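Results of the structural survey
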Amino acid sequence: MSGSIRGATAVVGVAEMHYKRGQSPMTEQQMTIKAIIDACADAGVSPRKIDGFVSYAGGSNDGPILGAALMVDELRWSNMMWGGGGGSVAAAVTNAAVAIASGQAQCVVVYRAMSQADTGRLGYAKYHYGPHFVAHGVGSPAQICAMRTQRMLEHDGVPRTAMRSLVLAAYQHAQQNPTAQGHGRPLDEDTYESSRLIAEPFHLYDCSRESDGAVALVLVSADRARDLRADPAYVIAGAQGAPGGYSERVDNDEQYSTAGFGPANNGKPGVAERLWASAGLGPDDVDVVQVYENFSGPAVAALIDHRLCPPGEAAGTVMTVENLTAPHGKLPVNTSGGNLADSFINGLNLAVEAVRQIRGTSTNQVADAKTSLFIGGPMAPLVSSVLFGHADTL
């Protein structure tokens, strides 16, 4: 396929660490460097051979700073993905793949670190929304996404049980993941329903947990990946964008109750359909999904946008705990526990779990998983997705 990155690169190393919010024993820079070194060890490459850095959003630890700390031989690629709310986090992986496939770099690390002590938290009024929302008493991501989700429930007819099932499946997965923050804290339907409201329709457990921590993924060319390890996770396709003006028109866009992966304003294919076209695959070919759930409602909307789940009332037939839970569910989702029950490093931790599924090393492994989809932050100004695949998919 002309211009395609399909199978040209692969993830060969991953690392993550997380702590309860505000409890990291290290600075963001220290965590970033440690995660990169650990990911390089996982890949079997020297940190000095990294020649590209791609961060998702925020932080002051850019490529030149990290390159100097790691004593890299040469720096050839250094950039950061824009877009609040986790929207372009999957695009960071695609960006690294593009750099390698186009010959701009040979070994690129994708990373993100968060520490309350260094940069505060995301869920407060100054973050992204600005005076046009704050003036009307809307000052947090929860409030913005709650309004869109309520519209999805009332106007589109998606049952609220779809959100509950997503949350309960995440907590069920966390019970098998010993490093998850929700491990040892199972959640049942009654506890979910009786938890306090945060912003209607979101109850406490519909909201992601912010963590201190860091994540790193090392990408190289497909040829080099095959020499490094037997189980690389190939980048099959990636797409980013949003309908023109989506979520930036003071909540007045036409696709208000969607996750933003839908068609462009001129009717041309949007992020989800461009992903499928680039991959040469469709939603029926996906074995496991890691979807960014800043809140449960946007994640449901993202699954609908990608045609993994039908819209409207029919969503309830797919969004059941049994169906969403590995290893036997038809649509296993967020198999580490996700942002809700595992940890939240701006969602990049979900990419690590997507890679583990291809490797066959998840704590909630989907049998013989060949394709693993990572969906970036839904209902954000810019959204993105990336599809990983086993060598058998090439």
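Residues numbered from 1 in each chain as written. Predicted model: local features only at pLDDT ≥ 70, side-chain atom pairs only at ≥ 80, totals over all residues. Heavy atoms only, no water.

Under an unreviewed UniProt entry, the name given to the protein is Transporter, and the source organism is Gordonia amicalis.

**With respect to the packing of aromatic side chains**
Aromatic ring pairs are described here by two measures, namely the spacing of the ring centres and the angle between the planes. Within the structure shown, the criterion is met by four aromatic pairs. Taken together, a centroid distance of 6.4 Å and an interplanar angle of 85° make the contact between F53 and Y111 edge-to-face. Here Y111 lies in strand 4 (residues 107-114) and F53 lies in strand 2 (residues 52-56), a separation of 58 residues in the sequence. On the accessibility criterion, F53 (0% relative accessible area) is buried. Residue Y111 is classed as buried on the basis of its relative accessible area, which comes to 4%. Each ring, one from F202 and one from F295, has its centre 5.1 Å from the other, and the planes form 10°; the classification is stacked. Taken together, the residues F202 in strand 6 (residues 202-203) and F295 in the loop between strand 9 (288-291) and helix 11 (296-305) connect sequence positions 93 residues apart. Since its relative accessible area comes to 0%, F202 is described here as buried. Taking the relative accessible area as the measure of exposure, F295 reaches 8% and is therefore buried. (Phe/Tyr/Trp six-rings, centres within 6.5 Å; stacked < 30°, edge-to-face > 60°. Helix = DSSP H or I, 4+ residues; strand = E, 2+ residues; numbered from the N terminus. Buried < 20%, exposed > 50% of the residue type's maximum accessible area, 1.4 Å probe, protein only.)

**A few points about the nonpolar core**
With 87 residues, the main nonpolar core has V289 and L303 as its most contacted residues. The dominant element in this core, judged by the number of residues it contributes, is helix 7 (residues 160-174), at nine residues. Within the second largest apolar cluster, 39 residues are counted, among which are A96, A99, A233 and F388. (Core = buried A, V, L, I, M, F, W, Y, C linked by side-chain atoms within 4.5 Å.)

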